[in-house]
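Summary of structural features
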Amino acid sequence: MDGRAIDSSIWQAPGVGAENFARTVVGWSITINVIMSMGTFHAALLPTELTLVQQAVALLMWGVLIYASLFIRPCLRLAPNLDTLVIVAFYAFATVSVLWTNLGVAALMKAAALAITTLGAFCMITRVDIDDIVTSATRGLFVLIAASALCAVILPDIGVDQTWMHKGQWQGVFESKQTLGFAGAYLMFFACYRKITGQGWLPFLVTFMLASTCVMLSESRGAGTLSLVACALLLTSLWSVRCMQVYAILPCVMCVAAALLILYFYTTGYDSIHAFDTTIDFTERTFIWQYAISHFDDAPLLGFGINGFWTNPAIYDYFNQNHGWVLDNYHNGYIAILVETGFLGYFLFTASVFLFSYKVLCLIAGRAIDRLHCALIIGFVFLNCQTNFTETVFLRSTMFTSVLLIAFFLAICRPVPSSRVEPRELEQP
C-alpha cells in the first residue's frame, strides 16, 4: 500500500468526521426548530409569559444551523442572476422597513429574526440536500402531531378546544385549532414525498393517517384539501413533464388573483365579497382585509413597515371599537406584504414569484434540476401561496415552513447550463 495514500487518508479523516458531525447538528437543529416554531403552544403547556422563550429557542436553532453550516461543503451554488437579486432585495427591504415604524421592541425583534432566518435559509439550502431537509422537518412535524393526538385523547381539557366557537375540535398542543390543521397538512405533504422517495409503506401510512386524523378532527377542511391537492400535484408532476410545467405557473396565477382581490376591496370599499345575492366574508376575515387595505393610501410606497400596522394604537383601537374584537393578524399574506412593505415591497415580491416560475420552466427545459426536487418545490410553493389567501404565512420570521419557502425560492436561483445534457436519473418518469 502506498504510504502517501495512508497519510492522505489520515489527514482527511478528521475533516470528514467534522463535516458529518456538522450535518448531524444541522439535521437536529431543523427538527427542534420545527417543533418550536410551527405555532404557539397551549398556555397550560407553556405559560403565555414564556412564549418569547419558544421563539428564542427557534432562533437559537437557526444560529446553530448557520454556525454548523460553516463546516459543510456547499452542495448548491447560487448564481447572481436577476431572480436571486430580486428575492434577496425583497427580504432585505422587508427587514429594513422597520426603520419607518415606531421602532418598538417587537418590531426590532421581528426584523432581526427575519434577517437571521433569511441567512439561515441560504445556509440550509446551499449546504444540506433537500431530501435531508425534508426528513428532518418531517421528524419534527411528526413529534408535534403525535403529541397533539395524544394530548387530545388523554388530556382533552388541553388538546380539545372548549370555546363556544370551536367546541369539540382538536387543537392538540397548540393554542388554536388552525395551527394543528396546517401542521397536519404540511406533514401529509411531506409524508407523500418521502413515500415517493423510497420510504416504506408502514411508516408512510402511520404518518399520513395520523396527520390526516388531526386535520379532520380539527375541522381544518381548507388545510386538508390544499394538502391533498399539493400531493396530487406532486404525483402528477412525476408522471408528466407537461403537468410540471403547468404547475410551475400556478404561483403567478395566484399572485394575479390576489392582486384582483386587493383591487376589489380597494375600489369598492366593501368589507365582504358580494356575488349576486351571496355575501362571503370567510368567517369575518374580509373585515380585516378591507380595513387593512383602506389604510393603504396612508403609506402607499413604503408601507407601514414590518410589524408597524397593528402596533399603531389608533388603528388597533378603531377596529376593536367597530367590531368588538381585534387580532394582530391580517389573515392574508398578500395583504400583509402590501400594507407593511407598500407598493415597492409588493412589486418586489410579485416579481420574485414571476421570476421563480420562469426559472423553473428554464430548469425543466434544460433538465438542470432533479425531477423529484422540482416536483417537491412546486408543490410546496403552491401549498404556501394558496394558504396565504386566508392565513398570514409570508414574512413569518420564525415559522419554519415560511423560512423553508425562502430556501426553496433560493434553490431555484441556480445557473441554467447552456447544454441540454440530462442526468441519467432524470430520464426516469
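The name an unreviewed UniProt entry assigns to the chain is O-antigen ligase family protein, from the organism Bradyrhizobium pachyrhizi. Regarding the chain, the UniProt comment filed under Subcellular location (unreviewed entry) reads as follows: "Membrane".

Attention now goes to the domain arrangement of the chain. The domain architecture assigned to the chain consists of domain 1 (14-73 + 129-227) and domain 2 (82-120 + 240-414). Computed from C-alpha atoms alone, the centre-to-centre distance between domain 1 and domain 2 is 22 Å. Each partner contributes to the interface: domain 1 provides 26 residues, whereas domain 2 provides 26 residues. Taken together, the two surfaces of domain 1 and domain 2 that pack against each other cover about 2,400 Å², and 83% of this comes from carbon and sulfur. Across the contact surface, domain 1 and domain 2 share zero salt bridges. Connecting domain 1 to domain 2 are four residue pairs in polar contact (both at pLDDT 80 or more). Considering each element in turn, the side of domain 1 that touches domain 2 owes the most residues, seven residues, to helix H7 (residues 177-196). Grouping the amino acids of the side of domain 1 that touches domain 2 by side-chain chemistry returns 19 nonpolar, five polar and two charged.

Moving on, we come to the environment of Leu410. Relative to the elements of secondary structure, Leu410 occurs in helix H16 (residues 400-411). Residue Leu410 is classed as buried on the basis of its relative accessible area, which comes to 6%. Considering only alpha carbons, one finds Leu410 and Ile87, 323 residues apart in sequence, at a separation of 7.9 Å. In contact with Leu410, other than residues within four places in its own chain, are Leu78, Ile87, Ala121, Phe122 and Ile125.

Moving on, we come to the side chain of Thr341. Inspection of the secondary structure puts Thr341 in helix H14 (residues 333-365). Exposure remark for Thr341: the relative accessible area of 1% places this residue in the buried category. Within the local environment of Thr341, its side chain forms a polar contact with the backbone oxygen of Ile337, the two atoms lying 2.5 Å apart. Discounting residues that sit within four places of it in the chain, Thr341 has contacts with Phe93, Ala94, Leu301, Leu302, Gly303, Ala336, Tyr346 and Leu395.

Rules and cut-offs
Within every chain, residues take consecutive numbers counted from 1 along the sequence as written. For this predicted model, a pLDDT threshold of at least 70 governs which residues receive local features, and a threshold of 80 or more governs which side-chain atom pairs are given and counted, while totals over whole chains, interfaces and linings are taken from all residues. Heavy atoms from the whole structure form the basis of all side-chain values; hydrogens and water molecules are not counted. UniProt positions are given in the numbering used here, feature names are shortened, and annotations may be inferred rather than shown by experiment. Each domain's limits were defined by an automated method or a database of domain assignments. Any two residues having at least one pair of non-hydrogen atoms within 4.5 Å are treated as being in contact. Put simply, buried area is the surface a 1.4 Å probe can reach on two separate parts but cannot reach once they are joined, added for both. Any carboxyl oxygen of Asp or Glu that lies within 4 Å of a side-chain nitrogen of Lys or Arg is treated as forming a salt bridge with it. Polar contacts here mean pairs of N or O atoms no more than 3.5 Å apart (in protein, one a potential hydrogen donor and the other a potential acceptor; neighbouring residues in sequence count only if both atoms are side-chain atoms). A run of H or I in DSSP becomes a helix once it reaches four residues, and a run of E becomes a strand once it reaches two; helices and strands are each numbered from the N terminus. Any residue outside Ala, Val, Leu, Ile, Met, Phe, Trp, Tyr, Cys, Pro, Asp, Glu, Lys and Arg is labelled polar, Gly included; the first ten of those are nonpolar and the last four are charged. The buried label applies to any residue whose accessible area, calculated with a 1.4 Å probe on protein chains only, is under 20% of its type's maximum; exposed applies above 50%, and partly exposed to all values in between.

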